[in-house]
Every structure is written in C-alpha cells, then in structure tokens.
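# Architecture and fold: a report
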Amino acid sequence: MATKAEQHFGPVRAGALVGVVLAGGEGRRMGPGPLKPLRQLGGRPMVCHVVERLRPQVMDLVVVANDPMPEVEAMGVAVVSDPPDIQAAAAREGRRLGPLAGILAGMEWARRQHPHAGWILTAPADVPFLPLDLSVRLCGLMHVPEPDVLMVAHRGRREHTLAVWSVGLAADLRRALLEEGLRRVEEFARRYTLHELAWPGGASPFLNVNTPADLSAAARRLTMAPAGPRREPARPRSRR
C-alpha cells in the first residue's frame, strides 16, 4: 500500500543511477526570448533548479542540450549535445528529434563515463519542483526481474521523460531514431518491459513550465516554498 509522501525533507540518493536532465527542446510555447531551460526563475535559470534537486539523488549527472548552458557548466555539471548522427538527421528534417534523442545522448554518456552503471534517470528541464525522493521511490520498484523502463505516473497520466531506462536499450534506440524515424517516447518504451510508479499524493511536484503563465505561477510558488536542497559546491566536470 502506498504511503503518503513527506512534504519537507532532504534529497535521498538511491542506487547506481546516472541522472540525465533533458534540456534540448525548442520550447516554442514559451514564445520569444531565452531558451526555455534558461528562463529566469527565482533569480537563476530554471534548469539549475532541476539540476540542484536531482544531483544529490544520483551518482553523477549530465545535462543534454544543443545550445550553450554556461550557467549549468558553472555548477560543475557536464553538458553534452545530441550525438552527431542524430544532429545530422535533425538537420535533414528541419527540426530536432525530441526527447528520445536526449535519452540516447544520456545513455551513451553514462556508458562512457560509468560503464558499470546500468541505468539512467531522466528528467526534463522544465520541472523545477522535482521530488527530492524521486530516485529512492523509483529504485524501490526495481525488483528482479527488473523492467527495462520505469516511468512515473500521477493521476493516471504517465510522465514519459521522468523515467529510469536501462542503458542496454541504447543500440535499439539509435536504430529506432535513425532507421525507423520513431519519435514518440512511449511508443519506444512499450516495446520493452515497461512498469510505472504511481506517485502517491498530488501532481504539484511535476508542474511543467511550458508557457510564460506557467513560469509566473512557478515564481509565485517558489516564494512560498520551503528552502530547497542545500546547494553543493561545483564539482569538476566529467570528461565528455
């Protein structure tokens, strides 16, 4: 039986997970101005809030972005872009290939930097109130036999980019992107053993900031929220 989530606590680290923040989207609904992950929230870029909340929960962290992210690099976090062949495919199509491209970039980075870590935990760059116990709750459902993909769901809705992925899917994902033209996250995930974590409690930790109105609402909420996780000093960045 699910227990009620605590409201105020420090971040919890669980398992040999590599965190991957997906910051490569175009964010067209946000309108003209800075890239959506770099929109200011509480005096700093929104993506920095996600990094700050996810980093203490994982063994290492990378941000996948196709544009410069100096503020993230200043936090001691690696920033990588989509693989070159994925970028070439995007150029041919005249548009970016979506979250699956970022998931692949995260899988391949994790395999290079942490060959013994079999899993990545992805999170989008527009969820600035990410739960501080996300990884421990997800790892609590990684029973044997383990699923290939474990997604967060709340109120019957799956958050496709808030998920644990086996890095063993990387070769299949590359083929799906480049040879099949697959772009939908759940369509790919359904090919494998897919489980979900039904999040206990409300949807407030998963507020997606997609529009200027969402950003204003997040700013108001931030002024009323308790202090977030303690900011860690910048770490030396992993080699790309």
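Residues numbered from 1 in each chain as written. Predicted model: local features only at pLDDT ≥ 70, side-chain atom pairs only at ≥ 80, totals over all residues. Heavy atoms only, no water.

## Thoughts on the overall build of the protein chain
Across its full length, the protein chain holds eight helices and nine strands. Within the protein chain, buried positions represent 51% of all 240 residues. Counting only contacts in the protein chain whose residues sit at least 6 apart along the sequence, the fraction spanning at least 24 positions is 73%. Surface summary for the protein chain: the accessible area is close to 11,500 Å², and the carbon and sulfur share equals 52%. (Helix = DSSP H or I, 4+ residues; strand = E, 2+ residues; numbered from the N terminus. Buried < 20%, exposed > 50% of the residue type's maximum accessible area, 1.4 Å probe, protein only. Contact = heavy atoms within 4.5 Å. Areas by Shrake-Rupley, 256 points an atom, 1.4 Å probe, with all protein chains shown as cover.)

## What about the pattern of salt bridges?
Under the criterion given, the structure shown has 14 salt bridges. Residues D67 and R96 are paired through a salt bridge, measuring 3.0 Å at the closest nitrogen-oxygen approach. In this pair, D67 sits in the loop between β4 (60–64) and α2 (70–73) while R96 sits in the loop between α3 (84–93) and α4 (99–113), placing the two residues 29 residues apart along the sequence. The class of R96 is partly exposed, set by a relative accessible area of 26%. The partner of D133 in a salt bridge is R137, with the nearest N and O atoms 2.6 Å apart. (Salt bridge = Lys/Arg side-chain N within 4 Å of Asp/Glu carboxyl O.)

## Points about the sheet that holds strand β8 (residues 157–166)
Strand pairing in a sheet relies on backbone hydrogen bonds, with the paired strands running either antiparallel or parallel. Across the sheet, which stays open at both edges, the seven strands sit in the order β5-β4-β1-β6-β8-β7-β9 with mixed pairing between neighbours. Edge positions in the sheet fall to β5 (78–80) and β9 (194–198), since each has one partner strand and no second. Going across the sheet, the axis of each strand differs from the next one's by a mean of 30°, ignoring polarity. Where strand β7 (residues 149–154) lies against β8, six bridges are found, and the strand directions are antiparallel. Opposite V152, over in β8, you have E159 as the bridge partner. (Pairing = 2+ DSSP bridges. Axes fitted to C-alpha atoms, helices over the stretch in contact; angles between N-to-C directions.)

## Some thoughts on α3
I86, A89 and A90 are the residues of α3 that are buried. The buried side chains of α3 occupy one side of the element, clustering within an arc of 100° when seen end-on. Turned more than 90 degrees from where α3 packs its buried face, P84, A91 and R92 sit exposed. Taken together, the buried residues of α3 touch α4 and α6 (170–178). Positive backbone phi, approximately 75°, marks G94, located one or two places after α3. (Arc of directions from axis to C-beta.)

## Structural notes on the packing of aromatic side chains
All told, the structure shown has three aromatic pairs when counted by the stated rule. On the basis of an interplanar angle of 55° and a centroid distance of 5.1 Å, the ring pair of F188 and Y192 is categorised as tilted. Among the aromatic residues, those joined into a cluster by ring pairs are W165, F188 and Y192. We note R137 situated over the ring of W199; from NZ or CZ to the ring centre the distance is 5.3 Å. The lysine or arginine in question, R221, covers the ring of F129, its NZ or CZ lying 4.0 Å from the ring centre. (Phe/Tyr/Trp six-rings, centres within 6.5 Å; stacked < 30°, edge-to-face > 60°. Lys NZ or Arg CZ within 6 Å of the ring centre and 35° of its normal.)

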